[in-house]
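# Structural overview
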Amino acid sequence: MAYSEQITTTVTDIPALIANFALARGWTVDGTTITRPGGGKSFEITASVGGTNNRDRLVYVRDTAAPTTNYVYTAMPWINGVYADPIVKNPTKVHLLGNDAPYDPEPWIACVIECGYNLYRHIYIGNMVKAGDYTGGELISANMFNRDVRFSGANGSNTYYNSQGSVDPPHRYLFSGRFNHNSMPAGAGNGGVNVVHADNATPFRRFDLAGETYVRTGFTGNEVFGGNADNVSGGLVMRGLSDYAGSNILVPVNLFIVNSILIGSNSKFHPIGYAAGVRMVNVQGINPGDAITIGSKTWRVFPEFSRQTETTMPYGAANPDGFYYPYETSSMLGLAYEEA
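Let us look at the structure shown here. Small disclaimer: the values here were computed from a predicted structure and weren't measured.

### Some details on empty space enclosed by the protein
- Across all of its chains, the model carries one cavity of 30 Å³ or more by this definition.
- What the largest cavity holds in volume is close to 30 Å³.
- Every residue along the wall of the largest cavity is listed here: Pro 77, Trp 78, Arg 121, Phe 145, Asn 146, Arg 147, Tyr 325 and Glu 328.
- In terms of residue class, the lining of the largest cavity is made up of four nonpolar, one polar and three charged.

Next up, the structure:
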């Protein structure tokens, strides 16, 4: 395993930092396009700065074979500010993690973008530890915090870290299919996993449970899900504290796809394995960026977005300091990456 911490102040530095780290791990690298050891899908990493007052500072990961559909992106945080002109938090550090040959169990790269202490974005380019006889297994995901003022409205209602009481969570958590489609694009742009099998009509499964309410009945057969917001393993994460052992319990990111034949109100789900090198974790008692040892392994732990006791965020009229959220929170939801 390897861990590298790099200082940066702009998103445009990030693609090269990831590519250089991947090259040192044995990946095939061409500019900022990387391919896993042994071959497979290639992913191009790019970054851009634009929009009104240069407020959109984005990092993209695109499948070079289908760049307009099979991709994912994240955006740097917006904090306070006035309408259409938020205070944008630039990256201050980039934490890079991954494994080396013999790639046990599969090659993977993770990039955690720190925008000041306790404020994070996560990008994952890796592989499934497969359950089943499918091929492929390439996996891309990134989280992103809601930046759409329409979700709570300018009248100042609060937004929950997991949007309790609302139709969907407004934020896209890593490896999660459930998020608010008013604030983020449905379908393309949310990442996914490559599941190649004769019985799977849609090989690239996207993290997108589009347009559904509390009870999911309208599956299309294109979905994959299982991250922090999807409540598949959420109970294990939220209760994953072991006072007797004196440590927090790491939960594999088990992913599931919907049967592409039995869809709609009558659906079946298939486990396809778990994401290599990463675990979900309750960060209670763990500071952002801490390294923890469990058994013989060391894990580097970061909050999903920001470790906070607050579970709601005010904005609009409820936030006297500005129009956008005064802070971000993912409560005690976090992610741990294998370091050694």
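### Some remarks on the pattern of salt bridges
- This model, assessed by the stated rule, comprises eight salt bridges.
- Note that Arg 147 and Asp 56 form a salt bridge whose closest N and O atoms lie 3.2 Å from each other. Taken together, the positions of Arg 147 in the loop between strand E12 (135-142) and strand E13 (159-160) and Asp 56 in strand E5 (residues 56-63) put the pair 91 residues apart, joining distant regions of the chain.
- Between Arg 300 and Glu 339 there is a salt bridge, with its nearest N and O atoms 2.8 Å apart.

### With respect to the packing of aromatic side chains
- The full count for this structure, using the stated rule, is 14 aromatic pairs.
- Geometrically, the ring pair formed by Tyr 124 and Phe 175 is edge-to-face, given 5.1 Å between the ring centres and 75° between the ring planes. Pair noted here: Tyr 124 is in strand E11 (residues 120-130) and Phe 175 is in the loop between E13 and strand E14 (192-196), with a separation of 51 residues, a long-range link.
- Of the residues examined, Tyr 124 reaches a relative accessible area of 0% and is grouped as buried.
- Both rings, one in Phe 145 and one in Phe 305, keep their centres 5.1 Å apart while their planes meet at 80°; by these two values the pair is edge-to-face. One end of the pair, Phe 145, is in the loop between E12 and E13; the other, Phe 305, is in the loop between strand E22 (297-303) and strand E23 (312-313), with 160 residues separating them in the sequence. Of the two residues examined, Phe 145 and Phe 305, each falls in the buried class.

### Thoughts on the side chain of Arg 57
- Within the fold, Arg 57 resides in strand E5.
- Summary of buried charges: Arg 57 has no salt-bridge partner, and the nearest side chain of opposite charge, Asp 85, is 7.6 Å away.
- Discounting chain neighbours no more than four positions away, the residues touching Arg 57 are Val 11, Ser 48, Val 49, Thr 74, Ala 75, Met 76, Val 88 and Asn 90.

### Looking at the pairing of strand E24 (residues 333-338)
- Across the six residues of E24, six count as buried, placing the element largely inside the fold.
- Burial along E24 is two-sided: Leu 333, Leu 335 and Tyr 337 and Gly 334, Ala 336 and Glu 338, pointing in opposite directions, are all buried.
- As judged from the five bridges shared by strand E20 (residues 269-282) and E24, these two strands associate in the antiparallel manner. Opposite Met 280, over in E24, you have Leu 335 as the bridge partner.
- As paired elements, E22 and E24 share five bridges and run antiparallel to each other. When the sheet's bridge partners are listed, Arg 300 is paired in E24 with Tyr 337.

### Describing the pairing of strand E21 (residues 291-294)
- Sheet topology places E21 next to E22; four bridges connect them, and they run antiparallel. Along E22, the bridge assignment pairs Thr 293 with Thr 298.
- Where E21 folds back on E22, the antiparallel hairpin that results is connected by two residues, among which Gly 295 adopts a positive phi of roughly 65°.

### Quick word on the layout of surface pockets
- One number sums up the size of the second largest pocket: a volume of about 210 Å³.
- Tyr 161, Asn 162, Asn 228, Ala 229 and Asn 231 are, among the 12 residues lining the second largest pocket, the residues nearest its centre.
- Considered class by class, the residues forming the lining of the second largest pocket number five nonpolar, six polar and one charged.

### Brief notes about unusual backbone geometry
- Backbone torsion omega between Ala 101 and Pro 102 reads 15°, so that peptide bond is classified as cis.
- Looking at the element boundaries, Pro 102 is found in the loop between strand E9 (93-98) and strand E10 (109-114).
- Here Asn 53, not a glycine, exhibits a phi torsion of approximately 55°, which is positive.
- Tracing the backbone shows Asn 53 in the loop between strand E4 (42-50) and E5.

About the thresholds
Residues numbered from 1 in each chain as written. Predicted model: local features only at pLDDT ≥ 70, side-chain atom pairs only at ≥ 80, totals over all residues. Heavy atoms only, no water. 1 Å grid on protein atoms, 1.4 Å probe; cavity = no way out; pocket = protein on both sides within 12 Å on 5 of 7 lines; lining within 4 Å. Points joined across faces, edges and corners; volume = space filled by probe spheres on them. Nonpolar A, V, L, I, M, F, W, Y, C, P; charged D, E, K, R; others polar. Salt bridge = Lys/Arg side-chain N within 4 Å of Asp/Glu carboxyl O. Helix = DSSP H or I, 4+ residues; strand = E, 2+ residues; numbered from the N terminus. Phe/Tyr/Trp six-rings, centres within 6.5 Å; stacked < 30°, edge-to-face > 60°. Buried < 20%, exposed > 50% of the residue type's maximum accessible area, 1.4 Å probe, protein only. Lys, Arg positive; Asp, Glu negative; His and termini not counted. Contact = heavy atoms within 4.5 Å. Pairing = 2+ DSSP bridges.

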